[in-house]
Protein chains: 2
Amino acid sequence: MLEHGGRLRAAAQRYGIAEADWLDLSTGIAPYGWALPAIPSAAWARLPEREDGLEAAARRFYGCVSLLPVAGSQAAIQALPRLRARSRVGVISPCYAEHAHAWRREGHELEELDSATAERELDRFDVLLVVNPNNPTGQRLAPETLMEWRARLAERGGWLLVDEAFMDCTPQQSLAGHCPLPGLVVLRSFGKFFGLAGIRLGFVLADAALLGRLEELLGPWSVSGPARELAKALLQDEAGQARQRQALLRDGQRLDSLLRDCGLAPAGGTALFQRLVRDDAVALHEFLAARGILTRLFATPPSLRFGLPPDEAGWARLGQALIDYSKEHP
Amino acid sequence: MLEHGGRLRAAAQRYGIAEADWLDLSTGIAPYGWALPAIPSAAWARLPEREDGLEAAARRFYGCVSLLPVAGSQAAIQALPRLRARSRVGVISPCYAEHAHAWRREGHELEELDSATAERELDRFDVLLVVNPNNPTGQRLAPETLMEWRARLAERGGWLLVDEAFMDCTPQQSLAGHCPLPGLVVLRSFGKFFGLAGIRLGFVLADAALLGRLEELLGPWSVSGPARELAKALLQDEAGQARQRQALLRDGQRLDSLLRDCGLAPAGGTALFQRLVRDDAVALHEFLAARGILTRLFATPPSLRFGLPPDEAGWARLGQALIDYSKEHP
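Because the structure is a prediction, the values reported are computed rather than measured.

### Observations concerning the domain arrangement of chain A
Residues and elements named next belong to chain A. Under the domain assignment, chain A is made up of domain 1 (8-33 + 239-328) and domain 2 (46-236). Computed over C-alpha atoms only, the centres of domain 1 and domain 2 are separated by 27 Å. Across the contact, 20 residues belong to domain 1 and 22 residues belong to domain 2. Across the domain 1 to domain 2 interface the summed buried area is about 1,600 Å²; carbon plus sulfur atoms make up 64%. It is Q241, R245 and R275 in domain 1 that bury the most area against domain 2; as a group they hold 33% of the surface buried on that side. Counting across the domain 1 and domain 2 interface gives zero salt bridges. Secondary structure elements with two or more residues in the side of domain 1 that touches domain 2: α11 (238-261), β9 (268-270) and β10 (273-277).

### Considerations on the interface of chain B and chain A
Contacts between chain B and chain A engage 50 residues on the former and 50 residues on the latter. Of the roughly 3,900 Å² buried between chain B and chain A on both sides combined, carbon and sulfur atoms contribute 54%. Interface area lost by chain B to chain A is led by M1, W44 and W221 of chain B, which between them contribute 20%. Linking chain B with chain A are six salt bridges, by the criterion used here. The partner of E106 of chain B in a salt bridge is R82 of chain A, with the nearest N and O atoms 2.4 Å apart. Summed over the shared surface of chain B and chain A, the result is 32 residue pairs in polar contact (both at pLDDT 80 or more). Elements with a contribution of two residues or more to the side of chain B that touches chain A: α1 (8-15), α2 (41-45), α4 (73-79), α5 (98-105), α9 (208-218) and α10 (225-236) of chain B.

### Notes on the confidence of the model for chain A
Close inspection of predicted coordinates is inappropriate in any region flagged by low pLDDT. Looking at chain A, the pLDDT average stands at 96 and 100% of residues meet or exceed 70. Of the two predicted TM-score estimates for the complex, the pTM is 0.96 and the ipTM is 0.95.

### Details of the sheet that holds strand β9 (residues 268-270) of chain B
All names here are of chain B. With respect to topology, four strands assemble into an open sheet ordered β9-β10-β13-β12, the strand pairing being antiparallel. Each of the sheet's edge strands pairs with one partner strand only, and the pair in question is β9 and β12 (296-298). Neighbouring strand axes in the sheet, compared pairwise and without regard to direction, differ in orientation by 20° on average. Examined bridge by bridge, strand β10 (residues 273-277) and strand β13 (residues 303-307) share five bridges and lie antiparallel to one another. From the neighbouring strand, F273 faces β13, where its bridge partner is G307.

### Here we look at the pattern of salt bridges
Scanning the entire structure with this criterion turns up 56 salt bridges over all chains. Note that E215 of chain A and R50 of chain A form a salt bridge whose closest N and O atoms lie 3.0 Å from each other. Placement of E215 of chain A in helix α9 (residues 208-218) and of R50 of chain A in the loop between α2 (41-45) and α3 (54-62) is noted, with a sequence separation of 165 residues between them. Across the pair R124 of chain A and E121 of chain A runs a salt bridge whose closest N-O atoms are separated by 2.6 Å. Here the salt bridges do not stand alone but share partners, grouping R82 and E216 of chain A together with R105 and E106 of chain B into one network.

### A word on the relation of the copies chain B and chain A
Laying chain B over chain A is done by rotating through 180° and shifting 0.0 Å along the axis; what remains is an RMSD of 0.0 Å. Between the two chains, the operation in question is that of a two-fold axis. Closest to the rotation axis within chain B is the C-alpha of S224 of chain B, separated from it by 4.1 Å. Taken together, the interface assignments show that 100% of the residues at the interface of chain B recur at the interface of chain A, consistent with an identical surface on both copies.

### Some thoughts on the environment of P94 of chain B
Residue and element names in this part refer to chain B. Relative to the elements of secondary structure, P94 occurs in the loop between β3 (88-92) and α5. Given a relative accessible area of 33%, P94 falls into the partly exposed group. A sequence separation of 18 residues divides P94 from E112, and the C-alpha atoms of the two residues are 7.8 Å apart.

### Regarding the sheet that holds strand β13 (residues 303-307) of chain A
Strands in a sheet are paired, the pairing made by backbone hydrogen bonds, and the direction either parallel or antiparallel. Residues and elements named next belong to chain A. Strand order in the open sheet formed by four strands is β9-β10-β13-β12, with antiparallel pairing between adjacent strands. Among the strands making up the open sheet, the edge pair consists of β9 and β12 (296-298). This sheet shows a mean twist of 20° between the axes of neighbouring strands, independent of strand direction. Inspection of the sheet shows β12 paired to β13 by three bridges, in the antiparallel sense. Of the residues in β13, the one forming a bridge with R296 is R305. Against the sheet, helix α12 (residues 281-290) makes contact with β10, β12 and β13, and its axis sits at roughly 40° relative to β13, the strand it touches most.

### As for the packing of helix α11 (residues 238-261) of chain B against helix α13 (residues 312-328) of chain B
All names here are of chain B. The N-to-C vectors of α11 and α13 enclose an angle of 20°; their axes lie 10 Å apart at closest approach. Classified by the angle between their axes, α11 and α13 sit roughly parallel to one another. In this structure, α11 crosses over α13, and the sense of that crossing is right-handed. For the pair α11 and α13, the contacting residues are D251, R254, L255, L258 and L259 in the first and E312, W315, L318, G319 and L322 in the second.

### Description of the side chain of D251 of chain A
Residues and elements named next belong to chain A. Among the structural elements, D251 can be located in helix α11. Side chain to side chain, D251 and R250 meet in a polar contact 3.4 Å long. Excluding its chain neighbours within four sequence positions, the residues that come into contact with D251 are Y32, L308 and W315.

### Focus on the pairing of strand β5 (residues 127-131) of chain B
All names here are of chain B. Taking burial as the measure, the five residues of β5 include five buried ones, the bulk of the element. Every second residue of β5 is oriented toward a common face, with V127, L129 and V131 on one face and L128 and V130 on the other, all of them buried. In terms of strand pairing, β3 meets β5 through three bridges, oriented parallel. Its bridge partner lying in β5, V91 is registered against L129. Bridge count for β5 against strand β6 (residues 159-163) is five bridges, and the pairing is parallel. Looking across to β6, one finds that L128 is bridged to L160. For the segment spanning β5, helix α7 (residues 143-155) and β6, crossover handedness is right-handed.

### Digging into α9 of chain B
Residue and element names in this part refer to chain B. For α9, the full list of buried residues reads L210, L211, L214, E215, L217 and L218. Seen end-on, α9 carries its buried residues on one side only, within an arc spanning 155°. Turned more than 90 degrees off the buried face of α9, the exposed positions are A208 and A209. Capping the start of α9 is the job of one residue whose side-chain oxygen sits 3.1 Å from the backbone nitrogen of A209: D207.

### Some points on the pairing of β6 of chain B
All names here are of chain B. Taken across its five residues, β6 has five buried, putting it largely inside the fold. Bridge analysis of β6 against strand β7 (residues 184-189) gives four bridges, and the strand direction is parallel. Along β7, the bridge assignment pairs V162 with V186.

Here is what the cut-offs are and how they apply
Residues numbered from 1 in each chain as written. Chains lettered and ligands numbered in written order. Predicted model: local features only at pLDDT ≥ 70, side-chain atom pairs only at ≥ 80, totals over all residues. Heavy atoms only, no water. Domains from an automatic or database assignment. Contact = heavy atoms within 4.5 Å. Buried area = accessible area lost by both parts, 1.4 Å probe. Salt bridge = Lys/Arg side-chain N within 4 Å of Asp/Glu carboxyl O. Helix = DSSP H or I, 4+ residues; strand = E, 2+ residues; numbered from the N terminus. Polar contact = N/O pair within 3.5 Å; in protein donor to acceptor, adjacent residues only side chain to side chain. pLDDT = per-residue confidence, 0-100. Pairing = 2+ DSSP bridges. Axes fitted to C-alpha atoms, helices over the stretch in contact; angles between N-to-C directions. Least-squares fit on C-alpha atoms with pLDDT ≥ 70 in both. Buried < 20%, exposed > 50% of the residue type's maximum accessible area, 1.4 Å probe, protein only. Parallel < 35°, antiparallel > 145°, perpendicular 65-115°, else oblique. Left-handed = near helix turned anticlockwise from the far one by under 90°. Right-handed = clockwise from strand over helix to strand, strands pointing away. Arc of directions from axis to C-beta.

Here's what the structure looks like:
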């Protein structure tokens with residue numbers, strides 16, 4: 001298993017601070033959402049059924065007729081490499097590490113590269129993996145660039161796989177509206193934007209034949225009944241989505257500004273996280289952890305990812321800790 | 001995708017009866033449970049973490065120290081065939097069809113057999129699949145028999161895979177307390193006994209090395225946070241479990257008696273379902289469906305599976321329909 005953010009239990013043990021006392025900034029998940037509708041008891045009691053309104057709501061939300069709900073985009077990340085014979089796979093790196101891990105596990109030939117190399121040497125690859133906007137770098141690739149890559153790959157039976165886990169605040173940059181197209185696979189995460197990471201729900205947008213093969217691998221009833229009910233309601237709540245988008249964009253700006261004000265200018269980010277690339281990443285991580293503030297540390301290059309604080313108390317606590325750090329490390 | 005029970009939407013379309021008007025007896029899921037505890041909002045909001053108390057509660061409930069929560073035992077059924085090189089696999093049939101389907105899909109050599117053949121020719125197989133008690137036949141194999149088979153298989157690096165989805169009413173017949181042992185894999189379903197099929201939760205009981213490989217295939221966060229919270233509470237509620245067991249055993253008897261009283265003696269069953277093997281299975285299925293009572297029809301041999309009605313109204317409706325059928329088909 002790879003390392004991930006959100007592991008409060010391990011942090012509590014390591015630093016001797018009770019779980020409830022942490023400010024957890026170690027994930028890129030919205031730290032707030034909005035009131036959840038009641039869940040009908042039948043959603044718990046009965047086997048979930050397809051086309052119960054969830055797919056219809058998702059089709060409208062994503063602007064794409066051909067999609068499949070999955071138990072978190074992670075479930076698709078694990079399964080998609082099984083849908084291709086041994087392929088040459090490029091992944092624009094660094095990015096969410098589970099992609100490369102999954103394709104390597106299934107025996108594909110994997111190469112990490114940057115976007116300039118992807119553009120120049122695309123013809124060497126059968127599959128190109130892109131996280132857009134990228135996690136943790138925040139790098140954004142233009143839809144036009146990606147669509148051109150998609151066309152070049154599709155000509156040879158290849159795939160462009162775009163993980164849009166952090167796209168919900170900037171839907172205008174999504175490729176969702178272009179799906180389905182040959183060779184285009186788009187992953188969307190439900191929990192990050194809606195602040196419901198525990199729900200385990202994501203969507204794969206692709207052509208129907210590919211989705212049919214994916215569904216066969218994932219098996220029946222892969223998404224829970226309550227997840228389907230909640231998501232169906234929230235995907236239809238356009239007013240709630242607009243408020244959430246506004247709040248996250250505002251808080252993303254605020255986090256960027258706070259870090260800059262403390263002399264810790266981010267190297268990139270999205271509304272949901274900011275990234276610092278610094279030689280003292282480990283020291284800053286430990287300094288914050290000693291104060292019960294958990295960030296996500298990356299070893300190569302030494303860097304930290306900060307998620308959003310959930311409330312004013314969290315902002316104040318983070319702000320004070322960053323000021324203290326910058327005083328001690330001028 | 002294989003055919004399954006619980007597909008009310010399809011039935012509603014086919015028979016022109018609104019979903020809400022059906023008496024759904026097409027699954028073997030408990031049609032009632034008990035009051036669910038409140039779900040902490042963090043269970044929805046945060047990524048689920050391992051060892052949050054769920055594993056500990058499950059270890060006590062199943063009497064086994066080595067287990068892995070999965071998103072329904074179906075998730076394990078899909079993944080387990082990937083943990084072995086091409087094997088000769090025997091499956092005691094007929095049984096839940098997803099087992100054979102999954103092993104075939106992964107390229108194993110599969111043979112359907114009965115339990116006498118399994119006993120006699122076990123040495124021809126690397127893996128033996130047993131659903132115990134069996135669905136849909138209700139056949140039970142003695143723990144001693146299974147443990148002997150396990151030993152014979154394990155000597156050659158083989159597996160005995162026992163799906164105990166319907167074991168919770170008769171825990172004394174479970175192999176759970178024998179796990180972990182080399183070559184023994186036991187699947188337990190959470191939703192059937194607790195009446196929570198929508199929750200998507202099951203457990204795999206096996207040695208730690210096998211569970212580690214399985215977890216790697218399933219990936220992180222495969223079980224939702226709310227499922228973990230609810231199951232943690234219900235697995236600790238021994239009084240609730242005792243009441244549920246008693247109610248299901250009583251209702252299982254009642255269903256058996258009702259069918260016999262109507263001249264439709266079951267060929268077998270468990271507390272959660274009864275099975276009729278009859279040449280007129282299709283006619284009886286259609287007769288009941290026309291009255292909004294959904295049963296599960298199997299083609300080979302022609303047979304029907306009846307789950308439990310949820311309440312007295314359901315019992316009365318089923319009883320009347322069966323009386324009407326036996327009058328028309330004396």
